[in-house]
Every structure is written in C-alpha cells, then in structure tokens.
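Listed below are the residues making up each chain.
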Amino acid sequence: MPTSSPTALDPNQLVIRPLAGPGELDLFLRLTYSLDHELADDLATGRRVPEWMWVALDGDRLLGRIAWWTNAAGGAPQALDFFDLSPELSPEDRAAVGTRLLETATAAVVPAGTRRPEFGRFMPADWREVPETRALLESVFGALVATGARPLVERLRLEWRPGTPVPEPKGRLEFRPVRDREDLVALMTPVMEGTLDAHGQADLASGLSAREAAEQHYDEEFAHYASPREWWRVAQLPETGEPVGFVVPARNNYHHTIAYIGVLPAHRGHGYIDDVLAEGTRVLAAVDVPRIRAATDLGNVPMAAAFARAGYDTFEHAVNYVWDAPGVAGS
C-alpha cells in the first residue's frame, strides 16, 4: 500500500460537492464498498437522494465519498452508511480529506441543531488482521472521532442458508402469532430492561424508559416492514399460556431477517432462546427464502452462541459510531 499520494494533494484544488443527479452514480462508484449494488435501487425508490451523496475531488480523482440513507422516500436522513477514502492517499491526507468531507457534507445534509444520524459500516470479520483494510478503516474512524463521534458497538453479521438443518420443535413451548402492536411492545419492554444490546442500553441511557424505547423500536423499524405480520411469534408455556419470549422474522428493504428476538427475564436460564430462534428460522425457511440475516453485538456472547447452535455463520462484522449531541467538530 502506498505511503504517500502518487500525485501531491493540493488542498486548494479539493472540490467537495453533492452529486448533480443520478447520472453521476458512476462517479460515486469509483470507490468501492459492499453496498454499492444497492445504490441504484435506493435512488430509484427515494431511500437516497443525490443531495445526500457527496464526493471529494482533486481534478478527476475521487478522493472520498459519503452518503446518507432513509427507510422510506421523503424521510429525513436516518443513517450515515457510506464513508470511503481513497487507498491512494497517505494516512495524513486521508485524515484531512475525510474530516473536511464529513463536516462539509454534514453541514449541508443534517439540519442545524439536530443530532447527527448514526454511522454504520460493514467490515470483513478479519479486518484487524489485514493491514491495508485496517489502515483504511482506521482513517475513516479517525475522521469520525475528529468530528465528535464515539464508537458505540461492534457487531457480528450472521447468515443462515437453505439446506442448513432447522431443529425440530422440542414441545417445551407453544407459538402463536403476535396479536397487535401492544401485544409485542408489552413483551419487548421487560426484555429491554437489563438488555446486553448496546443500542438498547444507549436508548435507556438517553433517558427513555424501557417502555418508550420499545415503542420507538417498534414504530421506527417494525412498523415499516412489508412482510406479513403473521410471521411474528410469541412463545408461551403450553400448560398456562404464560409468555416466555418472542421472535420477529421479517423482510426489510433488502433481506429476510431475524429482526428481533428475546426471552423474558423471568424465563431466562432454561435455554428457551434456542426454541424461539428455531421457530423464527422455521417460519422463514418455510417460505423458501434465499438466506436469513441476523446480527448481534460482539459482546453478547450468549446470543452469538445461540445463533451458532442454530446454524448461523458469521460472514461479516459491523461497527456503529454515534454523535451524542448536535453541534460542530468536538461536540
């Protein structure tokens, strides 16, 4: 990997601007990332707009790019999920370009006085062991930190593939469909208390009650799924009908997924998570999905072990950075 730019970087020649329109997508694609194949459809459906897709140019050289995403057309930017810097740049130049690109684009895209959307990045599972990959990612992370962000969590990205055996029901639990919003939120609330999930912990640390955090999660994510609500399952004890846990198999904009899973605190320690995860997997496997995606925090060892027992393989990692308050660099 080069240690300096093949052509000296002249800061005065650096141009930072949004794409002029979808016709400039090829320019944006001169750098690469695993989500590149989704960009055209995102633009067509309004999940992205050219005004949220920015580039840093030195003449005809693309030195960096950044883009935000939203769940549905017309919404505010919800996530910063593209941020790439040219491997041709030295670490010093990547730091300078990255910080300037991030601050310039953010000032134009994110309304003043509002909290910046969370940054998320998918990465190879061995990213720390590959020097070139680690250097590029650490340049991106360094630019985020320079503008006031902090790392929130690293996560495992998991995948179940057709042909992987699905455990048969053990008979310890019965499953019924989720009745309505209140049915699921009422079960999510106690699961949120004492959660090992970093995003859930951050919601509670922000001042939300467990109930409010559960409602927000439902309204911002689950309510937007177009897949059948009949897939969602509540696990209960056969003898009494007492709820034990729940699982939300769904399809988001891109993949079939185990969107959420939980066992109520009073019923932990009995291995029920395996039964509940197996049920969610069976629901999706029964409709011949090409794959099932899931994710869990790197530090959530019990949940990672449950996914492994159910035949889910780790194929990537992901990292999330957050800005705790609105404002300028250093906030």
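Keep in mind that this is a model prediction, so the values were computed, not measured.

A. Seen up close, the confidence of the model for the protein chain. Residues at a pLDDT of 70 or more form 95% of the protein chain, whose mean pLDDT is 93. A low-confidence stretch, residues 1–5 (pLDDT under 50), is modelled with 13 contacts involving residues beyond four sequence positions or located in other chains.

B. Summary view of the pattern of salt bridges. By the definition in use, this model includes 30 salt bridges. The partner of Asp274 in a salt bridge is Arg309, with the nearest N and O atoms 2.9 Å apart. Of this pair, Asp274 sits in helix 8 (residues 272–285) while Arg309 sits in helix 9 (residues 301–309), and the two are 35 residues apart along the sequence. The exposure class of Asp274 is partly exposed, given its relative accessible area of 23%.

C. Seen up close, the side chain of Thr106. Its place among the elements puts Thr106 in helix 3 (residues 91–109). Using a relative accessible area of 7% as the deciding quantity, one classes Thr106 as buried. Beyond its immediate stretch of four places on either side in the chain, Thr106 contacts Trp68 and Arg116.

D. Here's a closer look at the pairing of strand 4 (residues 79–85). For strand 4, the buried fraction is high: six of the seven residues fall into the buried class. For strand 3 (residues 61–69) and strand 4, the ladder comprises six bridges, and the chain directions are antiparallel. Note on strand 4: the bridge partner recorded for Gly64 is Leu85. In this fold, the crossover linking strand 4 to strand 5 (residues 118–123) by way of helix 3 has right-handed handedness.

Definitions and cut-offs
- Residues numbered from 1 in each chain as written.
- Predicted model: local features only at pLDDT ≥ 70, side-chain atom pairs only at ≥ 80, totals over all residues.
- Heavy atoms only, no water.
- pLDDT = per-residue confidence, 0-100.
- Contact = heavy atoms within 4.5 Å.
- Salt bridge = Lys/Arg side-chain N within 4 Å of Asp/Glu carboxyl O.
- Helix = DSSP H or I, 4+ residues; strand = E, 2+ residues; numbered from the N terminus.
- Buried < 20%, exposed > 50% of the residue type's maximum accessible area, 1.4 Å probe, protein only.
- Pairing = 2+ DSSP bridges.
- Right-handed = clockwise from strand over helix to strand, strands pointing away.

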